[in-house]
Amino acid sequence: MANEPEDRVADIVIAAGGRLVSRVRLQKVAYLLDKLGAKSGFGFAYHHYGPYSRDLDNAVLDAEAFGKIEETYDRRQSDGARYSVFEAITGNRPHKYSYLANDRLQERAKELSAANVTVLELAATANWLLEEERVSDWKTEIVRRKGLKTRNGRLEEAVQLLSHLGLEPAKL
Amino acid sequence: MSKRLRDPVHGLIVFDDRDPLGVDPLAWALIDTPEFQRLRRIRQLGVSEFTFPGAVHTRFAHSIGVFHVARTLVKVIEREMSRNGQPFEQPKAKVALVAALLHDLGHGPFSHTFEGVQKSRNVKKRHEQWTAEIIRSPVGEISRRLERFEPGFTEKVAQLLEKEDPEDIYHAVVSSSFDADRLDYLRRDRMMTGIGAGAIDFDWLIENVRVADIDLNAPDEAEGEAPKAPTFCLEKKALPAAEQFLLARYTLHQQVYFHKATRCVEHMIGKLLRAVAGRAGKRAECRLTGLPAQHALLRFFGRDGETVENYLALDDALVTGSLEALSKAGDPVIADTATRLRNRQLYKTLDLAEFGEDQGTQRSRLRRISREFEEKIKSEGVLVDDKASIGIYTEIGGDEERMHKKLHVLDGGTPKEISRRELSPLIEALVNKKQFTRVYFMDVADRDAARR
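Residues numbered from 1 in each chain as written. Chains lettered and ligands numbered in written order. Predicted model: local features only at pLDDT ≥ 70, side-chain atom pairs only at ≥ 80, totals over all residues. Heavy atoms only, no water.

### A look at the overall build of chain A
Summing up its helical and strand segments, chain A has 7 helices and 5 strands in all. Starting at the N terminus, the α and β elements of chain A follow one another as α-β-α-β-β-α-β-β-α-α-α-α. Taken against the 2.2 N^0.38 rule, which gives 16 Å for 172 residues, the C-alpha radius of gyration of chain A at 16 Å falls within 12% of a compact globule. When the backbone C-alpha atoms are referred to their principal axes, chain A occupies close to 45 × 35 × 25 Å. Every one of the 172 residues in chain A was classed for burial, and the buried ones make up 61%. In chain A, once contacts between residues fewer than 6 apart in sequence are set aside, the share between residues at least 24 apart is 66%. (Helix = DSSP H or I, 4+ residues; strand = E, 2+ residues; numbered from the N terminus. Rg over C-alpha atoms; globule rule 2.2 N^0.38 Å. Buried < 20%, exposed > 50% of the residue type's maximum accessible area, 1.4 Å probe, protein only. Contact = heavy atoms within 4.5 Å.)

Here you go:
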């Protein structure tokens, strides 16, 4: 079974339903899937939207170059800001999963791909702060870093999401 | 008595003793601290002088330039608050000015190269975190002077620099599409490298800056209640100047920051520092580095060595000054890499663009080379550089840029992101990331084989 970086990107997009919106979402979904036991092999580091993998970014290049996914662009109505839309190219053949062969992970990928992008950013960041940076007072730290984004119930939604995934911060 | 500095970019920079905000005398006192003086020994463009011999300007000069531009931006805020009928908040302006001056304190030797070395050692701390830690250090000179200026000021400055997203317009002085850092380095790097392209119409841009609220959420198809914060936007009549401003950054990435020889040297320094760090972690092996036992690099990379004090002992000058000793190391990797760097005997480059611009071709080539030279890549006899990409907004690390770092133009009074086709087809054409992939070979025969 092929398990090249581009196959792993295709796995995520196909598990999401064949379509996944925005690079930020793709990054956070891949990060959280790894935390749930998927083994992408992508290295993550902290960037502006939380955990980010340059390896994954390169894998997207591969996936596009080798005809596994197609990237198109759309724009937000309010301010015209651009975002990516990834669609899987399967050519009507059934997809053979590489690193997301597990049904549970496929389901999680679908759920996460439908989540609000800011909630995903906050969930991934909270997990990163606790697991990677070992910040014990992660709530203060995430509010310090993300400011307004944590308001209007977004941070609570992120915590709920983590709990739903079994990655609740209290247990870490 | 006011203090004056001459600067090649901004001309005369005056620190006025009678500054009504009281920030100028504080800034002068901060410049005088050992933490800030260390920036004299860190070059703004790291090893770009291997390629652009004039690019020897330092983070010291840049930081003072950023402070100078920050003063201009604070005046813009005052002007725009008055235009919008909102109050100008002096206390926040003071914090922004001092944060602008101190924003680069946490850079390590060769800046991003050192950060890359740390990342490869699985160290999570970024230079922004070092900056905050240096500012807060209770034994350092910075917090002593900040607290003397105003109790609690240290925390305000550190917190402003740690915020990733804006909450008010004062944050835009240190982080926005139009922040003081960018407004200094675009002009300074262009001047010191000597590249002809990439000029910006600074005065016209400043004249046309306005303050308006933008959406902070990452762009997405789901529209919803998004948090908003004020940032610098530009009047539409400054659209051509705005395009040039973004092109200037693009050009610098293309011609200077991603120059293949510069990137090669960065990778070689990374290899050298990783090798030193590997030996420093084992006491018995320290001597194999060629460095004296108490050398600052060994202290920092040694067990429990990552303290503020040890970090502040590191700078470009320390590393380049150690090349002679490193070139006599018992460890052959350290000795060879240090000797090569000392004499500018660089690895041989294979730029995958040689095979054409088609990404499919380049990615296939890279895959083939990665397989063919798998062992040498592991041992760093072959260095793969596939992490440089550039779009009009892309950061060096490759992540998407945050909304407040994207340039907004007022269109019918509403802030719109500039790359919309209706606003700027020119910028729209440059949004997609372009990848620069190079492979550096220790052995020229390997490079030639890979080329075939």
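### Quick look at the domain arrangement of chain A
Residue and element names in this part refer to chain A. Examined at the domain level, chain A breaks down into domain 1 (1-105) and domain 2 (115-172). Placing a centre on the C-alpha atoms of domain 1 and another on those of domain 2 gives a separation of 21 Å. Facing 16 residues of domain 1, the contacting portion of domain 2 comprises 18 residues. Taken together, the two surfaces of domain 1 and domain 2 that pack against each other cover about 1400 Å², and 66% of this comes from carbon and sulfur. Three residues, L32, K35 and Y46, lead the burial of domain 1 against domain 2; their summed loss comes to 41% of the area buried on that side. (Domains from an automatic or database assignment. Buried area = accessible area lost by both parts, 1.4 Å probe.)

### Focus on the pattern of salt bridges
All names here are of chain A. Counting across every chain of the model gives 72 salt bridges over all chains. Of the charged contacts, one joins D57 and R23 as a salt bridge, the two residues approaching to 2.7 Å between their closest N and O atoms. Residue D57 is located in helix α3 (residues 54-65), and its partner R23 is located in helix α2 (residues 23-35); the two are separated by 34 residues in the primary sequence. With relative accessibility at 7%, the residue D57 sits in the buried group. (Salt bridge = Lys/Arg side-chain N within 4 Å of Asp/Glu carboxyl O.)

### Brief notes about the pairing of strand β8 (residues 414-417) of chain B
All names here are of chain B. Two strands pair when backbone bridges link them, and strand β7 (residues 408-411) and β8 are joined in this way by 4 bridges, in the antiparallel orientation. Of the residues in β8, the one forming a bridge with V409 is K416. Linking two consecutive strands that pair antiparallel, namely β7 and β8, is a turn of 2 residues; a positive phi of about 65 degrees is found at G412 within it. (Pairing = 2+ DSSP bridges.)

### Topic: the packing of aromatic side chains
Residue and element names in this part refer to chain B. Counted according to the given criterion, the structure contains 18 aromatic pairs over all chains. Ring geometry for F149 versus F153: centroids 5.0 Å apart, planes at 65 degrees, classification edge-to-face. Put simply, the rings of F114, W130, F300, F301 and Y311 pair up and form one aromatic cluster. (Phe/Tyr/Trp six-rings, centres within 6.5 Å; stacked < 30°, edge-to-face > 60°.)

### Topic: the sheet that holds strand β1 (residues 19-21) of chain A
Residue and element names in this part refer to chain A. If you walk across this open sheet you meet the 3 strands as β1-β5-β4, and the pairing is antiparallel. Both outer strands of the open sheet, β1 and β4 (69-75), are each paired with one neighbouring strand and no more. The average undirected angle you get between the axes of adjacent strands in this sheet is 25 degrees. Looking at chain direction, β1 and strand β5 (residues 82-88) are connected through 3 bridges and run antiparallel. By the bridge assignment for β5, R19 is matched with E87. Against the sheet, helix α1 (residues 5-15) contacts β1, β4 and β5, and its axis sits at roughly 95 degrees relative to β5. (Axes fitted to C-alpha atoms, helices over the stretch in contact; angles between N-to-C directions.)

### Notes on the side chain of K405 of chain B
Relative to the elements of secondary structure, K405 of chain B occurs in the loop between β6 (382-390) and β7. Those residues in contact with K405 of chain B that lie beyond four places of it in its chain are S175, S176, S177, D179, R182 and Y393 of chain B.

### What to know about the interface of chain B and chain A
Facing the 55 residues of chain B at the interface are 46 residues of chain A. The interface formed by chain B and chain A holds 15 salt bridges in total. A salt bridge links E4 of chain A to R367 of chain B; the nearest nitrogen and oxygen atoms lie 3.5 Å apart. Counting the contacts that link chain B with chain A gives 29 residue pairs in polar contact (both at pLDDT 80 or more). Broken down by secondary-structure element, the contributors of at least two residues to the side of chain B that touches chain A are α6 (127-136), α8 (153-162), β4 (228-234), α18 (359-372), β6 and β8 of chain B. The element that contributes the greatest number of residues to the side of chain B that touches chain A is α18 of chain B, accounting for 6 residues. (Polar contact = N/O pair within 3.5 Å; in protein donor to acceptor, adjacent residues only side chain to side chain.)

### A few points about the nonpolar core
Counting 124 residues, the largest nonpolar core has L102 and F232 of chain B as the members making the most contacts within it. When neighbours within four sequence positions are excluded, L102 of chain B is seen to be in contact with L30, F36, T131, I135, I142, L146 and V157 of chain B. Of all hydrophobic cores here, the second largest spans 49 residues; its members include L20, A109, A124 and L155 of chain A. (Core = buried A, V, L, I, M, F, W, Y, C linked by side-chain atoms within 4.5 Å.)

### Thoughts on the packing of α3 of chain A against α18 of chain B
Any two packed helices are characterised by how steeply their axes cross, that is the angle between the axes, and by the distance between the axes. Here α3 of chain A crosses α18 of chain B at 115 degrees, and the two axes come no closer than 9 Å. In the packing of α3 of chain A onto α18 of chain B, the handedness of the crossing is left-handed. The segment α3 of chain A lies against α18 of chain B, with N58, L61, D62 and A65 of chain A engaging Q359, G360, R363 and R367 of chain B. Across the contact of α3 of chain A with α18 of chain B, the residue classes break down as 2 nonpolar, 3 polar and 3 charged. (Left-handed = near helix turned anticlockwise from the far one by under 90°. Nonpolar A, V, L, I, M, F, W, Y, C, P; charged D, E, K, R; others polar.)

### Digging into helix α3 (residues 59-83) of chain B
Between its first and last C-alpha atoms α3 of chain B spans 35 Å; for 25 residues at 1.5 Å apiece the expected length is 36 Å, and the two agree. A positive phi of about 70 degrees marks G85 of chain B, the residue just after α3 of chain B. (Expected span 1.5 Å × (residues − 1).)

### Looking at the pairing of β5 of chain A
Counting buried residues in β5 of chain A gives 5 out of 7 residues, a clear majority hidden from the surface. Counting the residues between successive antiparallel strands, the hairpin from β4 of chain A to β5 of chain A contains 6 residues, one of them, G80 of chain A, with a positive phi of roughly 80 degrees.

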